[in-house]
Amino acid sequence: MAGAYDALRERADAAWEAWRHPERPRIDLAWDTSSLAAGAGRVREALEAQVAERGAAVDTGVTHGYGLQWLQPLATIHWPDGTRVLYGPVTPGRVGLLLDEAAGLVGAAAELAVGVLSGSRPGIPAIGEHPFLACEDERRLLKRIGHSDPGEIDHYVATGGYHALSRMLDRHHGPDAVRQLQQDAQLLGKGGAFFPAGVKWNFLAGAADEERYLVCNADEGDPGAWVNRVLLEGDPHVVIEGMLIAAHATGAIHGFIYIRNEYPLAIERMRDAIAAAEEAGALGANIFGSDFSCTLEVIAGAGAYVCGEETGLIASIQDDRGMPRIKPPFPAQSGVFYKPTNVNNVETYASAALVLEHGAEWYRELGTPTNAGTKIFSFSGDIARTGFMELPYGVAMDDVIDALGGATTRSGAPGALKAIQPGGPLAGYLPAGLSGSLTLEREAFAEHGALIGAGGIVFVGEDANSIELNLMFAEFLEDESCGRCTTCHHGNQRMTEVFRRVLAGGGRPEDRHNLEMVGDALQYSNCVHGSASPTIMRNTLRFFSEEFDAHVAAADTRLAGRGFVRYRVADQDDPRLESARLICPVDAIRGSPRGGYTLDETTCVRCGACHDLAPRGIARDDLVALAAARAVT
């Protein structure tokens, strides 16, 4: 067994050394979903065209983005001496600067330089000095992200990959010892439930039926979350190794990696990685020459949010409708094909591989006594810097906000935060004023009636309307209910109807009581989709009570159906009024520069395009604020 791995490692070391010290400069483009959305495909076309046109002695390759998503598309210049520098954002018109820099014109791409990844470069700081990364302690799960080609198994093996698996199979760790090690490390589930991974594995290991399965939950459906996607696209083999370790520890014979269909690159990378691992002898029959065999396959989900719940996901794997099952029995007794099954999150499997490689004490070095280790977080919304980081549990939220560059308005200008929405539409909605008491661990959020979830955190700026946001969440939860429970399906319908009516100017004094009553009823739903649906609503009534009451107080038959924003002509001298008239999609703005302009409120659909184009000529009135002012006076 050791011999099989040693041979694989020898080959990988040679390939890795050649990649780290290329014969001539190489430009590696970040090739992940975020970079592609930012235009990496056009950048590559422009780069390859200029390389051909110049006959440049420069090669091209790919990596995964480093986490600084607001700077995508990112690129790395890799020189023969091993020096690597990250640049971004790289546009098609700027690829020439990279080629000049790579060819030896020092400073040609200085305006794009982000940080040095390895070696040194005059005038460019190390990447660890970037303010965005100020809260990171040590990259463990992300140690290969941006530093390797995720499509090359040799890069994974040469950086220690599959060593823990080989050592385990060489009888260094039996199944019982592997499970105990995960418990000693205090590895908790990374999907939001925080259930101890080793304990969960014990349930499967003790199942009566020897036909057992593993499932990797990569359905990641929370808006604003892409933590799992980073690992699937950027380091797929660490997920495979973690699943194989879990399979050996529990007696599982096959594993399913369930990835939402909206992640096509992740699906491709994982399938390629499975094929490469099988070819290398690290997956399949008699792994590394041992008597341990396990196979894996990727299942592409259809995108139903409720399939993030483990039994709904299991139903989908079986080609049934994605509906959560009644429990008990639990998956460890009756899961996929009604056989014993464990379901763990992508990050949980990856962390298990690190625990086996480095030990329980190493894992507990970072984090807090109750939440050991690190967690990947994705940050988006009304902030200056969007991206992902790997942080120890317990980091202060205010420090994170500083690293993100603070809040912005919807136009991108500096602003103030209004709220923090962690963990998706089931997890909560907290006012930004609580950030000083929040740390990135479950207890801090639970204290305020919210969940930290799977790591996706969205920041909401001061110009957002909490009731509009609550309606958006309610509509999402109603739409994504599987319909099994009358409680969940109808309860979310009623919650949506109340928020829609309140927002449209039809609020009633009894709405608060009715929403709380609906929330109480939803607790009797079959699964967490229903029972957690009222979380954001309850947070709104608790923390944004004045805003909710102002909407109800502003209810006026003259305003019914018009929403809580009004546009009107404020300055006839604004030369942009004519342009605003021309772009109005419903011709609500009428008149001419000579005769003056009017705006028909009954026709206006409140799209805001006229105000964006002519902010001096078209005024935007917040009727909620006006109603609150009337109430005070």
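Residues numbered from 1 in each chain as written. Predicted model: local features only at pLDDT ≥ 70, side-chain atom pairs only at ≥ 80, totals over all residues. Heavy atoms only, no water.

Visitor: Explain the overall build of the protein to me, please; I cannot follow it from the model alone.
Guide: Each helix and strand counted, the protein has 25 helices and 18 strands in total. Counting only C-alpha atoms, the protein reaches 85 × 65 × 40 Å along its principal axes. Within the span of the protein, comprising 633 residues, buried residues form 57% of the whole. The distance from the centre of the 55 positive side-chain charges to the centre of the 83 negative ones in the protein is 5 Å. (Helix = DSSP H or I, 4+ residues; strand = E, 2+ residues; numbered from the N terminus. Buried < 20%, exposed > 50% of the residue type's maximum accessible area, 1.4 Å probe, protein only. Lys, Arg positive; Asp, Glu negative; His and termini not counted. Charge placed at Lys NZ, Arg CZ, Asp CG, Glu CD.)

Visitor: What exactly am I supposed to notice about the packing of helix 8 (residues 197-205) against helix 10 (residues 236-250) here?
Guide: Axes are the key here: two packed helices are described by the angle between their axes and the distance separating the axes. Here helix 8 crosses helix 10 at 50 degrees, and the two axes come no closer than 8 Å. For the element pair helix 8 / helix 10, the angle class is oblique. For the pair helix 8 and helix 10, the contacting residues are Trp201, Leu204 and Ala205 in the first and Ile245, Ala246, Ala249 and Thr250 in the second. Partitioning the contact of helix 8 with helix 10 into residue classes produces 6 nonpolar, 1 polar and no charged. (Axes fitted to C-alpha atoms, helices over the stretch in contact; angles between N-to-C directions. Parallel < 35°, antiparallel > 145°, perpendicular 65-115°, else oblique. Contact = heavy atoms within 4.5 Å. Nonpolar A, V, L, I, M, F, W, Y, C, P; charged D, E, K, R; others polar.)

Visitor: Please clarify how the sheet that holds strand 5 (residues 113-118) should be interpreted in this entry.
Guide: Strand pairing in a sheet takes place through backbone hydrogen bonds and is either antiparallel or parallel in direction. Strands sit in the order 2-1-3-4-5 across an open sheet of 5 strands; the sheet is mixed. The open sheet terminates on both sides in strands that have one partner only, identified here as strand 2 (59-63) and strand 5. Each neighbouring strand pair of the sheet contributes to a mean axis angle of 25 degrees, computed without reference to strand direction. Of the strand pairs in this sheet, strand 3 (residues 75-78) and strand 4 (residues 84-87) are connected by 4 bridges, and their pairing is antiparallel. In the strand pairing of strand 4, His78 is matched with Arg84. (Pairing = 2+ DSSP bridges.)

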